Amino acid sequence: MRFWRQSIWITIAVLALSGAGAATLTTPHKLVLTGSSTIAPLAVELGRRFESLHPGVRVDVQTGGSSRGINDTRKGVADIGMVSRAMKADEQDLQAFTIALDGVGIIIHASNPVTSLTPQQIADIYTGKIANWQELGGKNARITVVNKAEGRSTLELFLTYFQLKNSDIKPHIVIGDNQQGIKTLAGNSHAVGYVSIGTAEYGAQRGVPIKLLPMDGIAASVANVRNGSYPLSRPLNLVTRMTPTGLVKQFLDFARTEQAHDLVEAQYFVPISID
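Not measured: the values here are computed from a predicted model.

The rules behind these values
- Residues numbered from 1 in each chain as written.
- Predicted model: local features only at pLDDT ≥ 70, side-chain atom pairs only at ≥ 80, totals over all residues.
- Heavy atoms only, no water.
- Salt bridge = Lys/Arg side-chain N within 4 Å of Asp/Glu carboxyl O.
- Helix = DSSP H or I, 4+ residues; strand = E, 2+ residues; numbered from the N terminus.
- Buried < 20%, exposed > 50% of the residue type's maximum accessible area, 1.4 Å probe, protein only.
- Contact = heavy atoms within 4.5 Å.
- pLDDT = per-residue confidence, 0-100.
- Axes fitted to C-alpha atoms, helices over the stretch in contact; angles between N-to-C directions.
- Parallel < 35°, antiparallel > 145°, perpendicular 65-115°, else oblique.
- Left-handed = near helix turned anticlockwise from the far one by under 90°.
- Nonpolar A, V, L, I, M, F, W, Y, C, P; charged D, E, K, R; others polar.
- Polar contact = N/O pair within 3.5 Å; in protein donor to acceptor, adjacent residues only side chain to side chain.

1. Description of the pattern of salt bridges
It is possible for side chains of opposite charge to pair when their charged atoms get near one another.
Working step 1: Per the stated rule, a full pass over the model turns up 10 salt bridges.
Working step 2: For R49, the salt bridge is made with D262, and the minimal N-O distance between the two is 2.7 Å. Pair noted here: R49 is in helix α1 (residues 40–53) and D262 is in helix α9 (residues 261–266), with a separation of 213 residues, a long-range link.
Working step 3: The exposure class assigned to R49 is partly exposed, which follows from its relative accessible area of 28%.
Working step 4: A relative accessible area of 40% places D262 in the partly exposed class.
Working step 5: Measuring nitrogen to oxygen at the nearest pair gives 2.7 Å for the salt bridge that ties K249 to D253. Within this pair, K249 and its partner D253 are both found in helix α8 (residues 246–255), separated by 4 residues, close to a single helical turn.
Working step 6: Linked through salt bridges whose partners overlap, the residues forming this network are R85, K88, E91 and E156.

Dropping the structure here:
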């Protein structure tokens, strides 16, 4: 079972059109996408299909968090940044293109008997006020608190929703991307964490021993992200420094057409279309 997906290099190539539309291979071009680990696996799959439509381009997909996507795009290091949250007021210098919707969900090990937590209980767990699952109707076991590293949009959304500061959190483990978080939770029956709903459902459907807990009584599911009822949802954005043209525009347009919907849904996200 190959669930743990990592940053992948995709080699594609570009065709230049000359004369009356004849295709001529030119110097290879490259698209660089950096940022959100939530979006990266989808970007890889989009790139693979884009390859069949545009032979001759190399697309380099790198993770590192949404903050990296913003910074690299501003500096011109990346053609496209991957940002798994809404844009901020001080990011209006960038253009954002939403390609999908996702949610952030609380996950625990599948063997944990706890079936729900209130927002206050979640906040109390993360600030160290509740330290044993027995206080929540679970086993007599110390809670292992798994938090996200700074620069991750999932962390920002979590802190905003629960009205916490990162300095308030008392973590035992700090993780980077969603796959690392899910692997940690799958290997620790007493842990609690939060990750992309799409990534968690993808893993759970493939036998990874985790389960998503409801948020404010609403099941953490792709279906509820789709219908708008889940309270902690977010856009998955691709961002550029300037109005996209050429190959960048072609990639962005492709990512938001029905040609890409099956790829978005295969990653357990909700597709967005410009059609």
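On we go.
2. Section: helix α3 (residues 119–126)
Working step 1: Within the span of α3, buried status applies to I122, A123, D124, I125 and Y126.
Working step 2: The secondary structure elements touched by the buried residues of α3 are β7 (95–109), β8 (144–148), α4 (153–161) and β10 (191–196).
Working step 3: At the C-terminal side of α3, G128 shows a positive phi close to 85°.

3. A few points about the confidence of the model for the chain
Working step 1: Looking at the chain, pLDDT values average 88 and 89% of them are 70 or higher.
Working step 2: Overall, residues 1–28 carries pLDDT values under 50, and its contacts beyond four positions in sequence, including any with other chains, amount to 71 contacts.

4. What about the packing of α1 against α8?
Working step 1: Running from amino to carboxyl end, α1 crosses α8 at an angle of 115°, the nearest separation of the two axes being 11 Å. Relative to α8, the element α1 is oriented roughly perpendicular. The two elements α1 and α8 cross, and the hand of that crossing is right-handed. Residues A43, L46, G47, R49, F50 and L53 of α1 form the contact with α8, whose participating residues are L247, Q250, F251, F254 and A255.
Working step 2: Here the contact of α1 with α8 is built from residues that sort into 8 nonpolar, 2 polar and 1 charged.

5. Describing unusual backbone geometry
Working step 1: The phi dihedral of Q163 falls on the positive side, at around 55°, and the residue is not glycine.
Working step 2: Judged by relative accessible area, Q163 falls into the exposed class, the value being 74%.
Working step 3: At Y268, a residue that is not glycine, the phi angle is positive and equals roughly 65°.
Working step 4: Secondary-structure assignment places Y268 in the loop between α9 and β13 (270–271).

6. A word on helix α6 (residues 197–205)
Working step 1: Most of α6 is tucked away, with 7 of its 9 residues classed as buried.
Working step 2: For α6, the complete set of buried residues consists of I197, G198, T199, A200, E201, Y202 and G203.
Working step 3: In this structure, the buried residues of α6 make contact with β7, α5 (178–186), β10, β11 (210–213), α7 (222–227) and α9.
Working step 4: Between the side-chain oxygen at the start of α6 and the backbone nitrogen of G198 there is a gap of 3.2 Å, and the oxygen is on S196.

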